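A closer look at the structure
Okay, here's what each chain looks like letter by letter:
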Amino acid sequence: MELPGRIQGKLEMKTKNNSLGEIAGELKKAKRVVIFPHMNVDGDAMGTASSICLGLRSLGIDSYVYLDESIPNNLDFLEAGCCTGDPDIVNGDTTVLMVDCSSVSRIGRRKDVFLRGGRSICIDHHSTGEGDTTFDMEHIEPDSAACSELAYLLLMELGVTLDLAMANSLFAGISTDSGNFQYSNTTARTHLIAAKLFDVPGFDPKAVSSLVYERNSFSSMKMSSLVVERARFMCGGKLVYGEITMDDLERTGAQMNETDGIIQRLMSIDGVETAVIFKENGPDLVKVSMRARSWLNVGDVAQRLGGGGHVRAAGCSLKMGLDQAEPVVLDELKKQMEIDSQEKF
Ligand code: AMP
Ligand code: MN
Ligand code: MN
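So, a few notes on the structure that sits alongside this text. (Residues numbered from 1 in each chain as written. Chains lettered and ligands numbered in written order. Predicted model: local features only at pLDDT ≥ 70, side-chain atom pairs only at ≥ 80, totals over all residues. Heavy atoms only, no water.)

Let us look at the packing of aromatic side chains. With the rule as written, the count across this model stands at seven aromatic pairs. Plain terms: the ring middles of Y241 and F278 are 6.3 Å apart, the flat faces sit at 90 degrees to each other, and that makes the pair edge-to-face. Placement of Y241 in strand 8 (residues 239-244) and of F278 in strand 9 (residues 274-282) is noted, with a sequence separation of 37 residues between them. Pair check on accessibility: Y241 and F278 agree, each one buried. Here the aromatic cluster, defined as three or more aromatic residues joined through ring pairs, consists of F36, Y66, F114 and F135. Taking NZ or CZ as reference, R57 lies 5.4 Å from the ring centre of Y64, over its face. (Phe/Tyr/Trp six-rings, centres within 6.5 Å; stacked < 30°, edge-to-face > 60°. Helix = DSSP H or I, 4+ residues; strand = E, 2+ residues; numbered from the N terminus. Buried < 20%, exposed > 50% of the residue type's maximum accessible area, 1.4 Å probe, protein only. Lys NZ or Arg CZ within 6 Å of the ring centre and 35° of its normal.)

The subject of this paragraph is the coordination of the manganese ion (ligand 2). Coordination of the manganese ion (ligand 2) by the protein comes from H38 (NE2), D42 (OD) and D100 (OD), over a distance range of 2.1 to 2.3 Å. Positions of the donor residues of the manganese ion (ligand 2) along the chain correspond to the pattern H-x3-D-x57-D. A separation of 3.5 Å is found between the manganese ion (ligand 2) and the manganese ion (ligand 3), which are bridged by D100. In this pair, H38 sits in the loop between strand 1 (32-37) and helix 2 (43-58) while D100 sits in the loop between strand 4 (94-99) and helix 3 (111-115), placing the two residues 62 residues apart along the sequence. (Donors = N, O, S within 2.8 Å, 3.2 Å for Na, K, Ca; no water.)

Strand order in the open sheet formed by six strands is 7-8-9-10-12-11, with mixed pairing between adjacent strands. Only two strands of the sheet have a single neighbouring strand rather than two, namely strand 7 (232-234) and strand 11 (308-309). Contacts from helix 8 (residues 218-230) reach strand 7, strand 8 and strand 9, with the element oriented near 135 degrees to strand 8. With respect to the sheet, helix 12 (residues 322-341) is in contact with strand 7, strand 8, strand 9, strand 10 (285-292) and strand 12 (313-318), its orientation differing from that of strand 9 by roughly 155 degrees. (Pairing = 2+ DSSP bridges. Contact = heavy atoms within 4.5 Å. Axes fitted to C-alpha atoms, helices over the stretch in contact; angles between N-to-C directions.)

So, about the packing of helix 2 against helix 5 (residues 164-177). In contact at an axis separation of 8 Å, helix 2 and helix 5 are set at 155 degrees when each is read in the N-to-C sense. Between helix 2 and helix 5, the interaxial angle falls into the category roughly antiparallel. As for the relative orientation of helix 2 and helix 5, their crossing is left-handed in sense. Listed contacts from helix 5 to G43, D44, G47, S50, S51, L54, G55 and S58 of helix 2 are A165, M166, S169, L170, A172, G173, T176 and D177. (Parallel < 35°, antiparallel > 145°, perpendicular 65-115°, else oblique. Left-handed = near helix turned anticlockwise from the far one by under 90°.)

It is worth stressing that arrangement in space is one thing and function is another; only the former is reported here.
So, in C-alpha cells, the structure goes:
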C-alpha cells in the first residue's frame, strides 16, 4: 500500500524543512538522543516521543524522553520505560529532539537542558511556531493531523520494525490528535498509517482506546458536568464558552490535567462552530483552549493573544485574572467570526 507523500494544504510551509529521511540519517549518527515533548504532555506528544525513543533503541541508539512533570493517568502506558527526569542526561554530545512543538517556550523549565545539547532537531505539525528557536534540522508539516504520523514516517525512514509498544504509542498519538479520526485535520494518510499498525503482531486498537478513553476519574466527570451546566453562548449559539476555576477543582477533586476532553463535549453541541474553555491556573494566569468545527480560524486568534496551535485547535496563556481574560478572548473570537464568516454577530 502506497502512502501519499506530504499533503499540501492551504497553510504555507516553512521554507527551511528537512526531509524525514535526512533527519533519520542524522539520528543514526547520534551518540545519544534525548526527546523533549511539549509541557502539559498530551497523547500525541507522548506517543511521538515514546515511539521514536523505542524505535531508536531498537537500532541500538541510546535514547530517552526527558520530562519534568507527571504524565496524565490515562496516558501512563505511553511512558513505555522511556522517561527520565535527570537533567544530566543531556551533554554537549547529545542530539536533542523537540517533538509536537517548535519553540523552547513550549518546554518550560527544560529549556536550559535542551539548549545544552550538541545537535538540535525539531519534528512538529503546528502551523504557528513562535519563531524564537532555531534548530540544526527541522521537519514541520502543519497538514499532518498528528505529530505521531510524522513519527511513523520517521521510523520507516530509519528502517525500524515496529513492535507492539511502538504501535500502541503511535495509535494513541494519532487517535487523540485526530479526535478519533473525526476532526477536520484527519486525512487519507491518517487512516492509512493507522491501518499499517494492524500489521504489528498483537495490535489491538480497542485495547489502546480503552486505556486512553475509559479510565476517567469520577471527579473529572463531575468537573465536566459542571462546565457543561454553566456553559454560556454568544453569536447566536455559534460560540460556547466555559470556565474551570481553582475552586471548581477543589470542589470536584479533579486535577487540571484531566480536563482536556471537556472542550470536545461543548464542541458537540448542535450549531456550535467554536468552543472556548478558560482554565484558571493561578490568581493571575489563565490558560485558554479554543476549538473550531469547520470554518473559524482559532489559530489566528491564539496567535494574536501570544499563543499558537492549529487552525481549528489552538490555545494561549494570559497573565491576568479570569474576569479580565474572558472579555479579551471573547472579543477577539467575535472579531474572527466576523472576518471568517463575513457576517455580523
Ligand atoms: P490545548 O487547548 O491545550 O489542547 O491546545 C490546543 C493546541 O494549541 C495545541 O496544539 C497546543 O500546542 C496549542 N497551544 C495551546 N496553548 C498554547 C500556548 N500557550 N502557546 C502556543 N501554543 C499553544
Ligand atoms: Mn500536543
Ligand atoms: Mn500534536
